[in-house]
Amino acid sequence: MSVAGAVRAVTTLRLTEMKQRGEKIAMLTSYDYSTAKIVDAAGVDVILVGDSAANVMHGYESTLPITLDMMIYHARSVVRGVNRALVVVDLPFGTYQGNSKVALDSAVRIMKETEADAVKMEGGEEILESVQRILSAGIPVMGHLGLTPQSIHKFGTYSVRAKEEAEAAKLISDAHILEDAGCFAIVLEKIPATLAEKVSKELRIPTIGIGAGGGVDGQVLVVHDMLGITNDFSPRFLRRYADLNSVMSNAISNYVSDVKNQDFPNEKEQY
Ligand code: KIV
């Protein structure tokens, strides 16, 4: 529901219909009201309040430290800025793995306290019980397979996943398990394009890729990366649509000079 009480235009059902008619899904992250408002008005279909907030909003090296309270804080701000897009919130590390009751409690807090539309969870068969329990409460779940950053300490690296046959076979099996459980979409992160295309063709639900090539049903990027606010992260899959880092730095240095030179404020900028 939007703040005005109207059902948002993009629903989980609408995403499946988009897949069926071959219309690609555009997804971006947002973590605050002002950015979400711009992202929504520009026509993005799904806004992800990603746990990448840990990196780009809080300066942590991994996504592990962000808490459920922090995710709820970001999601509430985002929801207030969105009228059209479906808002999905990441369940952070430690709030759903290993205990399905804890998982349900975490998802219920997100839905009740933020008014978002769905949650996203990383993993396949190993988190199935948690996925099922959340779905059974009527909460839509988006899956996330391939490079799952919450497992960085298991992987040891952020490099491409599922290049070997055994891991690719497990990913395909996990994708079917998540679809059969009732997930409405699955993010496929940093896997070979051929594998992502195969999974996308086999599934009825949409796949959203990040570093997974063009054969998926939609794309997602971290908004700070695609706008060029971050400039220390340049994976091959990232297309930068702006260089806001330079725009912001130049504007701020000009402001500093103007203040120091007593050029700001001028006569017209005062009362
Ligand atoms: O947290 C996030 O931003 C994500 C996307 C990279 C898919 O999970």
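Residues numbered from 1 in each chain as written. Predicted model: local features only at pLDDT ≥ 70, side-chain atom pairs only at ≥ 80, totals over all residues. Heavy atoms only, no water.

Ile-134 and Leu-188 are the most contacted members of the largest nonpolar core, which totals 57 residues. The biggest single contributor to this core is helix H4 (residues 68-81), with six residues. Discounting chain neighbours no more than four positions away, the residues touching Ile-134 are Leu-91, Ala-103, Leu-104, Ala-107, Val-119, Met-121, Ile-139 and Val-141. The next biggest cluster of nonpolar side chains, apart from the first, holds 17 residues, and it includes Leu-15, Ile-25, Ala-118 and Phe-184. (Core = buried A, V, L, I, M, F, W, Y, C linked by side-chain atoms within 4.5 Å. Buried < 20%, exposed > 50% of the residue type's maximum accessible area, 1.4 Å probe, protein only. Helix = DSSP H or I, 4+ residues; strand = E, 2+ residues; numbered from the N terminus. Contact = heavy atoms within 4.5 Å.)

Below, the discussion takes up the packing of helix H6 (residues 128-136) against helix H8 (residues 165-181). It is the contact of H6 with H8, at a shortest axis distance of 10 Å, that shows an interaxial angle of 20°. One way to sum up the angle between H6 and H8 is to call them roughly parallel. Where H6 crosses over H8, the two elements pack in a sense that is right-handed. Touching Leu-128, Val-131, Gln-132 and Leu-135 of H6 are Ile-177, Leu-178 and Ala-181, all from H8. A breakdown of the residues in the contact of H6 with H8 according to their chemical character gives six nonpolar, one polar and no charged. (Axes fitted to C-alpha atoms, helices over the stretch in contact; angles between N-to-C directions. Parallel < 35°, antiparallel > 145°, perpendicular 65-115°, else oblique. Left-handed = near helix turned anticlockwise from the far one by under 90°. Nonpolar A, V, L, I, M, F, W, Y, C, P; charged D, E, K, R; others polar.)

Of note, the amide linkage connecting Phe-264 to Pro-265 takes the cis form, showing an omega dihedral of -5°. Inspection of the secondary structure assignment puts Pro-265 in the segment after helix H11 (244-260). Here the phi dihedral of Lys-190 falls at roughly 50°; this positive angle occurs in a residue that is not glycine. With respect to the helices and strands, Lys-190 occurs in the loop between strand S6 (185-189) and helix H9 (193-202). According to the relative accessible area criterion, Lys-190 is buried, its value standing at 19%.

Quick look at the layout of surface pockets now. What the largest pocket holds in volume is close to 720 Å³. In this structure, the largest pocket is lined by 30 residues; those nearest its centre are Ser-52, Asn-55, Val-222, Asp-225 and Phe-233. For the lining of the largest pocket, the per-class residue count stands at 13 nonpolar, nine polar and eight charged. The space that makes up the second largest pocket amounts to roughly 430 Å³. Of the residues contributing to the lining of the second largest pocket, the split by class is seven nonpolar, nine polar and seven charged. (1 Å grid on protein atoms, 1.4 Å probe; cavity = no way out; pocket = protein on both sides within 12 Å on 5 of 7 lines; lining within 4 Å. Points joined across faces, edges and corners; volume = space filled by probe spheres on them.)

Locating Leu-91 in the fold gives a position in the loop between strand S3 (86-90) and helix H5 (100-114). C-alpha separation for the pair Leu-91 and Thr-67, spaced 24 residues apart in sequence, amounts to 9.0 Å. Every residue in contact with Leu-91, bar those within four places of it in the chain, is listed here: Tyr-96, Ser-106, Ala-107, Ile-110, Val-119, Lys-120, Met-121, Ile-134 and Gln-150.

Neighbouring the ligand are Thr-29, Leu-48, Gly-50, Asp-51, Ser-52, Asp-90, Lys-120, His-144, Val-187, Ile-210, Val-220 and Val-222. Between the ligand and the protein, one listed contact pairs an oxygen atom with a side-chain N or O atom of Lys-120 at 2.9 Å. Considered on its own, the ligand offers 260 Å² of accessible surface; in the complex 94% of this is hidden by protein. Among the detected pockets, the ligand sits in the largest pocket. In terms of residue class, the shell around the ligand is built from five nonpolar, four polar and three charged. (Near = heavy atom within 4 Å. Polar contact = N/O pair within 3.5 Å; in protein donor to acceptor, adjacent residues only side chain to side chain. Areas by Shrake-Rupley, 256 points an atom, 1.4 Å probe, with all protein chains shown as cover. Sits in = over half its atoms within 2 Å of the grid points.)

Our next topic: the pairing of strand S4 (residues 118-122). Summarising burial for S4: five of the five residues are buried, a large majority. Residues Ala-118, Lys-120 and Glu-122 line one face of S4 and the alternating positions Val-119 and Met-121 line the opposite face, and both faces are buried. Regarding the hand of the β-α-β motif, the stretch spanning S3, H5 and S4 is right-handed. Judged from the four bridges that link them, S4 and strand S5 (residues 141-146) form a sheet pairing that is parallel. Bridged to Lys-120 within S5 is Met-142. Between the parallel pair S4 and S5, the chain is carried across by H6, and the sense of this crossover is right-handed. (Right-handed = clockwise from strand over helix to strand, strands pointing away. Pairing = 2+ DSSP bridges.)

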